[in-house]
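Structural characterization, general
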Amino acid sequence: MKVEALLFGGVAVFFGAAAALYGVWSHADPAGTAALIVAFGMAALVSFFCAVSYLRHGPRPQDRKEAEVAEAAGPVEFFPPHSSWPVVTALGFALAATGVVFGLWLFLIGFGVLARGVPGMVFQYVNRGVGQED
């Protein structure tokens, strides 16, 4: 993941520099600057994730030149069999987005559902492997 972290870090630096230059040169277009800042943030987030994954797990067989193909065999990762949290999160997002159009009351309901769905989805398997079977 080291190569991926460096690659997306370079993309983030590019979008950051492009956002700064575009913001200075285009005084009348804040939308383009905001889009470039969001692109910078997304690339920086992916770079950070890849760097943290590399630090936690070390180099993969794909990262080493002397690695054998058989070293990459075996279970890849844990894939959850079923979860209702993505449905709850999608419902909360749909209600919040609809609330932007129809009123604050619907947005607040959607935000409440979303505020419960996102942590539920993120922390659903936080204790996996601690005395539990998959």
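Residues numbered from 1 in each chain as written. Predicted model: local features only at pLDDT ≥ 70, side-chain atom pairs only at ≥ 80, totals over all residues. Heavy atoms only, no water.

**Details of the overall build of the chain**
Threshold: Under the scheme used here, helices are H or I runs from DSSP no shorter than 4 residues and strands are E runs no shorter than 2 residues, and both carry numbers assigned from the N terminus. C-alpha atoms define the radius of gyration, and 2.2 Å times the number of residues to the power 0.38 defines the globule rule. Between buried and exposed lies partly exposed: a residue is buried under 20% and exposed over 50% of the maximum accessible area for its type, with that area taken using a 1.4 Å probe on protein chains only. Whether two residues are in contact is decided by their heavy atoms: any pair within 4.5 Å suffices. Neither His nor the chain ends contribute to the count of charged residues, in which Lys and Arg are positive and Asp and Glu negative. A single reference atom marks each charge: NZ on Lys, CZ on Arg, CG on Asp, CD on Glu.
Each helix and strand counted, the chain has 4 helices and 0 strands in total. Starting at the N terminus and ending at the C terminus, the chain contains elements arranged as α-α-α-α. Rg of the C-alpha trace for the chain: 21 Å, well past the compact-globule value of 14 Å for 134 residues, more than 25% over. Summarising its shape, the C-alpha atoms of the chain cover approximately 55 × 45 × 20 Å along the three principal directions. The burial tally for the chain puts 17% of its 134 residues in the buried class. Relative to all contacts within the chain whose residues are 6 or more apart in sequence, the contacts with residues 24 or more apart total 56%. The average position of the 7 basic charges and that of the 9 acidic charges among the side chains of the chain differ by 5 Å.

**Section: the environment of Val 100**
Mapped onto the elements, Val 100 comes out in helix H3 (residues 85-102). Residue class for Val 100 comes out exposed when judged on its relative accessible area of 64%. When the C-alpha positions of Val 100 and Gly 110 are compared, they lie 10.0 Å apart, and in sequence the two are 10 residues distant.

**Re the packing of aromatic side chains**
The following threshold applies: Within 6.5 Å between ring centres, the rings of Phe, Tyr and Trp (the latter by its six-membered ring) count as paired, and their orientation is classed by plane angle as stacked under 30 degrees, edge-to-face over 60, tilted in between.
Inspection of the entire model under this criterion finds 2 aromatic pairs. With a centroid separation of 6.2 Å and 20 degrees between ring planes, the pair formed by Phe 107 and Phe 111 is classed as stacked. Here Phe 111 and Phe 107 lie together in helix H4 (residues 104-122), a separation of 4 residues that amounts to about one turn.

**Considerations on the packing of H3 against H4**
Filter applied, for reference: Under this scheme, a helix contributes an axis fitted over its contacting stretch, all axes are lines through C-alpha atoms, and angles between N-to-C directions fall in the 0 to 180 degree range. Between 65 and 115 degrees an angle is taken as roughly perpendicular, under 35 as roughly parallel, over 145 as roughly antiparallel, and anywhere else as oblique. Here a crossing is taken to be left-handed if its near helix is turned anticlockwise relative to the far helix by less than a right angle, and right-handed if that turn runs clockwise. Note on residue classes: Ala, Val, Leu, Ile, Met, Phe, Trp, Tyr, Cys and Pro are nonpolar, Asp, Glu, Lys and Arg are charged, and everything else, Gly too, is polar.
Where H3 contacts H4, the axes come no closer than 7 Å and their chain directions differ by 160 degrees. With respect to their mutual orientation, H3 and H4 come out roughly antiparallel. The element H3 and its partner H4 pack so that their crossing is left-handed. Residues that form the contact of H3 with H4 fall into these classes: 18 nonpolar, 7 polar and 1 charged.

**What about H3?**
This is how the line gets drawn: An expected span of 1.5 Å times one less than the residue number is assigned to each helix. To be clear, the arc concerns the directions from the helix axis to the C-beta atoms.
Counted at 1.5 Å a residue, the expected span for H3 with its 18 residues is 26 Å, and the 25 Å between its end C-alpha atoms agrees. Here H3 has its buried residues at Thr 89, Gly 92, Ala 96 and Gly 99. The arc that holds every buried residue of H3, seen down its axis, measures 90 degrees, which confines them to one face. Across H3 from its buried face, at more than 90 degrees, point the exposed residues Val 87, Val 101 and Phe 102. Packing partners of the buried residues in H3 comprise H4.

**Observations concerning a nonpolar patch on the surface**
Under the convention used in this document: Exposure above 30% relative accessible area and no salt bridge define the residues that can form patches, which grow by joining like charges within 9 Å and nonpolar side chains of Val, Leu, Ile, Met, Phe, Trp and Tyr within 5 Å. For every accessible area listed, the method is Shrake-Rupley and the probe measures 1.4 Å; residues are considered covered only by the protein chains on display. One side-chain nitrogen of Lys or Arg within 4 Å of one carboxyl oxygen of Asp or Glu is enough to make a salt bridge.
Together, Val 100, Val 101, Phe 102, Leu 104, Phe 107, Leu 108 and Phe 111 line one region of the surface with nonpolar side chains, adding up to about 770 Å² of accessible area. Every element with two or more residues in the nonpolar patch is listed here: H3 and H4. For the nonpolar patch, the leading source of residues is H4, giving 4 residues. Here Leu 108 is to be found in helix H4.

**Side note on the packing of helix H1 (residues 2-25) against helix H2 (residues 30-57)**
Following both chains from N to C, one finds H1 and H2 inclined at 160 degrees, their axes separated by 8 Å at the closest point. Considering their axes alone, H1 and H2 lie roughly antiparallel with respect to each other. The handedness of the crossing between H1 and H2 is left-handed.

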